[in-house]
Amino acid sequence: MTLYKLDEYYPDYQNDIFDGYDIKSFDVYARDDKVGSVKNMMVDEDGSFRYFIVDTGFWIFGKNVLLPVGMASIDYDDKRVYAPQLTKQQVEDLPEFSEDMAIDNDYEERVRGVYRPYMTMPIASTAFGIAPYSYTQEPYFYNLQDRNLSTYEERLRERRRSRADIL
């Protein structure tokens, strides 16, 4: 499935979707410490949030990585994203994300492969890569735990449908 950066998918996301919050300014905290800040989010073509793009700053030489949205909760007042199952070691092991790369299933599988050993109920990869991957296979990565983020996702879908109907 094709993924888009949130600000490209819906440019006025801050006001129309996130009640004025700029999610791109939130700090990201792993189990053991701050690991970076949200640089953007990845959204699929249906308007589902899939990943936070995390800029690790100087900590790992400015490396950007992906954090599945289901692993995070958000404190909007403190402008923080918490990923209690995430460790600094995982962040170091994650493949780097760059702005110009096309995210394909192989790249996403490398990302998920770093996180899987730390999940409470990991599943095996699809049988020999024959069947296409579905985000529903691993709900701990993609089911939103944050009620506000779920509301924002629904709002995003509604606004995109409304705009499509107008055009």
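You'll find the structure just up there.
Residues numbered from 1 in each chain as written. Predicted model: local features only at pLDDT ≥ 70, side-chain atom pairs only at ≥ 80, totals over all residues. Heavy atoms only, no water.

K.L.:
Just checking my understanding: could you explain the overall build of the protein chain for this structure?
P.N.:
For the protein chain, the count of helices and strands is six helices and seven strands. Overall, the protein chain shows an N-to-C arrangement of helices and strands of β-α-α-β-β-β-β-β-β-α-α-α-α. Per-residue burial over the protein chain gives 44% buried out of 167 residues. Sequence separation of 24 or more characterises 58% of the internal contacts of the protein chain that already satisfy a separation of 6 or more. As presented, the protein chain carries roughly 8,800 Å² of accessible surface, and 48% of it is formed by carbon and sulfur atoms. (Helix = DSSP H or I, 4+ residues; strand = E, 2+ residues; numbered from the N terminus. Buried < 20%, exposed > 50% of the residue type's maximum accessible area, 1.4 Å probe, protein only. Contact = heavy atoms within 4.5 Å. Areas by Shrake-Rupley, 256 points an atom, 1.4 Å probe, with all protein chains shown as cover.)

K.L.:
Is there a simple way to think about helix H4 (residues 105–115) in this case?
P.N.:
Since there are 3.6 residues in each turn of an α-helix, residues three or four apart along the chain are aligned in direction. Looking at H4, one finds that the buried residues are Tyr107, Glu108, Val111, Arg112, Val114 and Tyr115. The arc that holds every buried residue of H4, seen down its axis, measures 155 degrees, which confines them to one face. Residues of H4 that are buried in the fold lie against strand E1 (3–5), strand E4 (49–55), strand E5 (64–68), helix H3 (88–93) and helix H5 (139–142). (Arc of directions from axis to C-beta.)

K.L.:
What is the right way to read unusual backbone geometry from this model?
P.N.:
Across the chain, the bulk of peptide bonds are trans and the bulk of non-glycine residues have phi less than zero. Phi is positive for Asp19, close to 50 degrees, though the residue is something other than glycine. A residue is classified by how much of its surface remains accessible, and Asp19, at 48% relative accessible area, is partly exposed.

K.L.:
What am I meant to see in the packing of aromatic side chains here?
P.N.:
For any pair of aromatic rings, the description rests on two quantities: the centre-to-centre distance and the angle between the ring planes. Going through the model one piece at a time under the given rule, you end up with 15 aromatic pairs. A ring pair is formed by Tyr133 and Tyr135, whose centres lie 5.9 Å apart and whose planes are at 85 degrees; its orientation type is edge-to-face. Tyr133 gets classed as buried once you look at its relative accessible area, which sits at 18%. Their ring planes at 70 degrees and their centres at 5.9 Å tell us that Phe141 and Tyr142 sit as a pair that is edge-to-face. Looking at Phe141, the relative accessible area reads 0%, which means it is buried. In this structure Tyr142 comes out as buried when scored by relative accessible area, which is 4%. Three or more aromatic residues joined by ring pairs form one cluster here, namely Tyr13, Phe18, Tyr21, Phe26, Phe49, Tyr76 and Tyr152. The side chain of Arg112 reaches across the aromatic face of Tyr133, ending 3.5 Å from its centre. (Phe/Tyr/Trp six-rings, centres within 6.5 Å; stacked < 30°, edge-to-face > 60°. Lys NZ or Arg CZ within 6 Å of the ring centre and 35° of its normal.)

K.L.:
For this particular structure, what's the right way to read the pattern of salt bridges?
P.N.:
It is possible for side chains of opposite charge to pair when their charged atoms get near one another. The final tally for this structure, using the stated rule, is 15 salt bridges. The shortest N-O distance in the salt bridge between Lys24 and Asp7 comes to 2.9 Å. Of this pair, Lys24 sits in the loop between helix H2 (13–16) and strand E2 (27–29) while Asp7 is found in helix H1 (residues 6–9), placing the two residues 17 residues apart along the sequence. The class of Lys24 is partly exposed, set by a relative accessible area of 27%. With its nearest N and O atoms 2.9 Å apart, the salt bridge here joins Arg50 to Asp44. (Salt bridge = Lys/Arg side-chain N within 4 Å of Asp/Glu carboxyl O.)

K.L.:
Can you walk me through the nonpolar core in this structure?
P.N.:
Side chains of a nonpolar character, in soluble globular proteins, are inclined to be buried together. In terms of nonpolar packing, the biggest core is built from 50 residues, with Phe18, Ile23, Phe49, Phe52, Leu67 and Leu149 touching the most fellow members. Contributing elements (two or more residues each) for this core: H1, strand E3 (34–44), E4, E5, H4, H5 and helix H6 (147–166). With residues up to four places along the chain from it excluded, the contact list for Ile23 reads Leu6, Tyr13, Phe18, Val38, Met41, Phe52 and Ile74. (Core = buried A, V, L, I, M, F, W, Y, C linked by side-chain atoms within 4.5 Å.)

K.L.:
I would appreciate a short explanation of the pairing of E4 in the present structure.
P.N.:
Counting buried positions along E4 gives six out of seven residues, so the element sits mostly inside the fold. Linking two consecutive strands that pair antiparallel, namely E3 and E4, is a turn of four residues; a positive phi of about 90 degrees is found at Gly47 within it. (Pairing = 2+ DSSP bridges.)

Geometric descriptors of this kind do not, in isolation, establish any biological role.
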